[in-house]
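As a plain string of letters, each chain reads:
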Amino acid sequence: MLKCDLLIDSKDIKSTISKLKNEKDYTILLDITVIDYLKFPDITPSRFAVVYILRDASFKNQISIKTFVDDNTLEIDSLCFLYSAANWAEREAYDQYGIRFNGHPNLKRVLNHHQFVGHPLRKDYEITKGQICTHTEDLMDEMNPLLKQKGYTSEDINDLMLLNVGPSHPASHGTIRNFVAMEGETITACVTEIGYLHRGFEKACENHTYSQIIPYTDRLNYCSAILNNIGYSKAVEEMLNIDITARAKMIRIIIGELSRIIDHLVCNAANMVDLGGLTNFWYLFAPRDMAYDLLSKLTGARLTNTYTRIGGLEFDLYEGFDEDLANVLKETEIAIDDALSLIAHNKIFLDRTQDVGVIKADFALQNGITGPNLRAAGIAHDLRKDKPYYGYENFDFDIVVGSHGDVYDRMMCRFEEMRQSIKIIRQAMKELPSGAINVNAPGILLPSKKDVYGNIEGLMNQFKLTFEGIKVPKGEYYSSTEAANGELGFFIVSDGSGKPYKVKCRPPCFYSLAAFSKIVEGGMLADAVITMASMNFIAGEFDR
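Described below are features of the structure shown in this document. Residue numbering note: each chain is counted from 1, following its sequence as written. The predicted origin of the model limits local features to residues at a pLDDT of at least 70 and limits the giving and counting of side-chain atom pairs to 80 or more, whereas totals for whole chains, interfaces and linings rest on all residues. The side-chain figures draw on all heavy atoms in the structure; neither hydrogens nor water molecules are used.

## Things to note about the overall build of the protein chain
Selection criterion: Secondary structure follows DSSP: runs of H or I at least 4 residues long count as helices, runs of E at least 2 residues long count as strands, and numbering of each begins at the N terminus. Between the two quantities, the radius of gyration covers C-alpha atoms and the globule rule is 2.2 Å times the number of residues to the power 0.38. The buried label goes to any residue with under 20% of its type's maximum accessible area, the exposed label to any with over 50%, and the partly exposed label to all in between, with areas taken from a 1.4 Å probe on protein chains only. The contact criterion used throughout is that any non-hydrogen atoms of two residues lie within 4.5 Å. Only the protein chains shown count as cover for residues, and the accessible areas themselves come from Shrake-Rupley with a 1.4 Å probe. Working convention for charge: Lys and Arg count positive, Asp and Glu count negative, and His plus the chain ends are omitted. Charge positions are represented by NZ for Lys, CZ for Arg, CG for Asp and CD for Glu.
Broken down by element type, the protein chain carries 20 helices and 14 strands. On C-alpha atoms alone, the protein chain measures out to a radius of gyration of 23 Å, which is about the 24 Å that the 2.2 N^0.38 rule sets for 544 residues. Seen along its three principal axes, the alpha-carbon backbone of the protein chain occupies a region of about 80 × 65 × 50 Å. In the protein chain, which comprises 544 residues, the proportion classed as buried is 59%. Taking all contacts inside the protein chain whose residues are at least 6 apart in sequence as the whole, residues at least 24 apart take part in 68%. Of the roughly 21,400 Å² of accessible surface on the protein chain, a fraction of 52% belongs to carbon and sulfur atoms. Taking the average location of the 58 positive side-chain charges in the protein chain and that of its 73 negative ones, the two points are 4 Å from each other.

Structure follows, in structure tokens:
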């Protein structure tokens, strides 16, 4: 958990963060967000504050810097010259709140469409006000400067083939539009556009109680929904300063690692379909289906599970869970071996994946890339090791790293990470403690039905928690977990009521996708397809 550590003048933001990066080694920009204090109960110097969250090179320390911007200008210096990750982060802050970042190379909307009027996360924006996009954006305002920067004249540009890949295309893996300029089969320039799935996750959070938000987190990375449940619940629990039970922690680890396995199975299976191999897909999807059967029995849902509760879990493990889980893990190991038997020494596979879509370590850090995509570049950063939670420090498992950061490394890292997750789950099942799955906290968890129907205190508690929500202490917090695709963070502002004043999700896919266009430029179109698959973009997560 992180509270805002530094409050500085907006004129000093560039020099302060430059000093933190160059002298204190805060090499990673995790996220940028804005707080609109228009309806906050406390008096603030101005209406809007910009918050920057950084992590240092050891991956163990993080810091947040807050600065208030002038209400008349709403301007602040851009940090794009310091961190490439600031590009899309600042665009999102501009799009959602209207903050202008001086010196930004391309300050335009990123989540909302180009005809959108206003800034939806401002407190005075009407939540029911829908705005329909009637005209497609051609993206030439981004493509032309990019090509001219690369030395193309207007005549040269006319000779290029301009091609849209997505957003309605199987190769785009979700609602992603890549607008590419082609010289033959080679991509000479690429512009990425998202926002086709934008559902207003963060605006919806402001109008629901803390508990009601949990099902919304399922829809972020829907390939590993429970990891989102865990990340959000953990953030709120830290705000409440409560420690969940030992059994709840262990079950969260078990189900979380199973969700990581499912996510990696989907990623590698889909990647091999894009490479032209359908057999691997069926090998890997069979144990995934078994895992969904298990999750359905445990949570009542296959895909979007809504399993955690603030303070614990909805259900304890069912009778026979251990046998079902053992079968899933065994079948997963067989599927991994079967898939690898077809590709490990396959020359076509090796030629298509090795030295393709290379992400260098310094590039990954500069762009805020985390998770398997960072580890494949050779950097052994994993929050389960660097900032362990729920007792991960007590488990015997390895951080899987690559050496070259190409498609091959990313796929092989995920194969091995599945094996490491299996190893963690088996250890957790052996050490699984007995006891309660929920903390004993009447102000946080709903009472049992016998109390609701049997005494007035239980009935009143049920009523107040349902209608008013959990009262979270006033403050600003950032908490993160190691999700399937990297660091999943939640920055939450509480005004002391039962609904969050603000929720900002830091999705790992958002920053990976922001860097995608630079990664594929100079490569072939077919290679861009498998590069995208290997980076595992989930539209619900980055598009929110």
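## Looking at the packing of helix α10 (residues 321-343) against helix α15 (residues 407-430)
For the record, the criterion: Where helices are involved, their axes are fitted lines through C-alpha atoms of the stretch in contact, as for all axes, and angles between N-to-C directions lie from 0 to 180°. By definition in this entry, angles of less than 35 degrees are roughly parallel, angles greater than 145 are roughly antiparallel, angles of 65 to 115 are roughly perpendicular, and the rest are oblique. A crossing counts as left-handed when the near helix is turned anticlockwise from the far one by less than a right angle, and as right-handed when that turn is clockwise. Three residue categories are used. Nonpolar comprises Ala, Val, Leu, Ile, Met, Phe, Trp, Tyr, Cys and Pro, charged comprises Asp, Glu, Lys and Arg, and polar comprises the others, including Gly.
Relative orientation of the contacting elements α10 and α15 amounts to 160°, with a least axis distance of 11 Å. As the angle between them shows, α10 and α15 are arranged roughly antiparallel. Seen along the crossing, α10 lies across α15 with a hand that is left-handed. Note on element contacts: α15 touches α10 through M412, F415, M418, R419, I422, I425, R426 and M429, opposite F321, D322, L325, L329, K330, T332, E333, I336, D337, A339, L340 and I343. Tallied by class, residues from the contact of α10 with α15 come to 13 nonpolar, one polar and six charged.

## Things to note about the packing of aromatic side chains
The geometry of an aromatic ring pair is captured by the separation of the ring centres together with the interplanar angle, meaning the angle of the planes. Heads up, the condition is: Working definition: rings of Phe, Tyr and Trp (its six-membered ring) pair if their centres are within 6.5 Å, and the pair is stacked with planes under 30 degrees apart, edge-to-face with planes over 60 apart, and tilted otherwise.
Taken as a whole and assessed by the stated rule, the structure comprises 17 aromatic pairs. Seen in terms of ring centroids, Y232 and F490 are 5.7 Å apart; in terms of plane orientation they differ by 75°. Their pairing is edge-to-face. Taken together, the residues span a long stretch of sequence, with Y232 in helix α7 (residues 225-240) and F490 in strand β13 (residues 486-494) at a distance of 258 residues. We classify F490 as buried; its relative accessible area is 1%. Judged by centre distance (5.3 Å) and plane angle (75°), the ring pair of Y389 and Y392 falls under edge-to-face.

## What about the sheet that holds strand β2 (residues 28-36)?
Filter applied, for reference: We call two strands paired when DSSP finds no fewer than two bridges between them.
Here four strands make up an open sheet; going across it, the order is β1-β4-β3-β2 and the pairing mixed. The open sheet has two free edges, formed respectively by β1 (6-9) and β2, since each of these has just one partner strand. The sheet shows a mean angle of 25° between the axes of neighbouring strands, direction not considered. Where strand β3 (residues 48-55) meets strand β4 (residues 62-68), seven bridges bridge the pair, whose relative direction is antiparallel. Bridging across to β4, I53 finds its partner in S64.

## So, the environment of W88
Locating W88 in the fold gives a position in helix α2 (residues 86-97). Distance in space between the C-alpha atoms of W88 and R177 is 15 Å, their sequence separation being 89 residues.

## Things to note about empty space enclosed by the protein
Let me state the cut-off plainly: Detection works on a 1 Å grid of protein atoms alone, calling trapped sets that fit a 1.4 Å probe cavities and calling open sets with protein on both sides within 12 Å along at least five of seven lines pockets, with lining residues defined by an atom within 4 Å of a point. Grid points are joined across faces, edges and corners, and a volume is the space filled by probe spheres set on the points.
Taken as a whole and judged by the stated rule, the model has six cavities of 30 Å³ or more. By volume, the largest cavity amounts to about 80 Å³. When residues of the lining of the largest cavity are traced back to their parent elements, those giving at least two are β8 (177-183), β9 (186-193), α18 (508-520) and α19 (525-535). Ranked by residues supplied to the lining of the largest cavity, first place goes to α19 with four residues. Considered class by class, the residues forming the lining of the largest cavity number eleven nonpolar, two polar and no charged. Reported here for the second largest cavity is a volume of approximately 60 Å³. L227, I230, R252, I253, G256, R260, Y389, Y390, Y392, T481 and E482 together form the lining of the second largest cavity. Elements with a contribution of two residues or more to the lining of the second largest cavity: α7, α8 (246-274) and β12 (475-483). In terms of residue count, the dominant contributor to the lining of the second largest cavity is α8 (four residues).

## Notes on the sheet that holds strand β14 (residues 502-506)
The strand order β12-β13-β14 describes an open sheet built from three strands, whose pairing is antiparallel. Edge strands, defined here as strands with exactly one partner in the open sheet, are β12 and β14. This sheet shows a mean twist of 15° between the axes of neighbouring strands, independent of strand direction. Summarising the sheet, β13 and β14 pair through five bridges and their orientation is antiparallel. When the bridges of β14 are listed, G489 appears paired with R506. Sheet strands in contact with α7 are β12 and β13, and its direction is about 40° off that of β13.

## Structural notes on the pairing of β9
Most of β9 is tucked away: seven of the eight residues are buried. What sits between β8 and β9 in their antiparallel hairpin is a turn of two residues, with G184 showing a positive phi close to 65°.

## Considering the nonpolar core
To be explicit about the condition: The criterion is simple. A nonpolar core is a set of buried Ala, Val, Leu, Ile, Met, Phe, Trp, Tyr and Cys residues joined through side-chain atoms within 4.5 Å.
Grouped together as the largest cluster of nonpolar side chains are 135 residues, with contacts concentrated most on I99 and F415. Excluding anything up to four places from it in sequence, F415 contacts N268, M272, L284, I336, A339, L340 and I343. Counting 26 residues, the second-largest nonpolar core is a separate cluster that includes I213, V236, I470 and I492.

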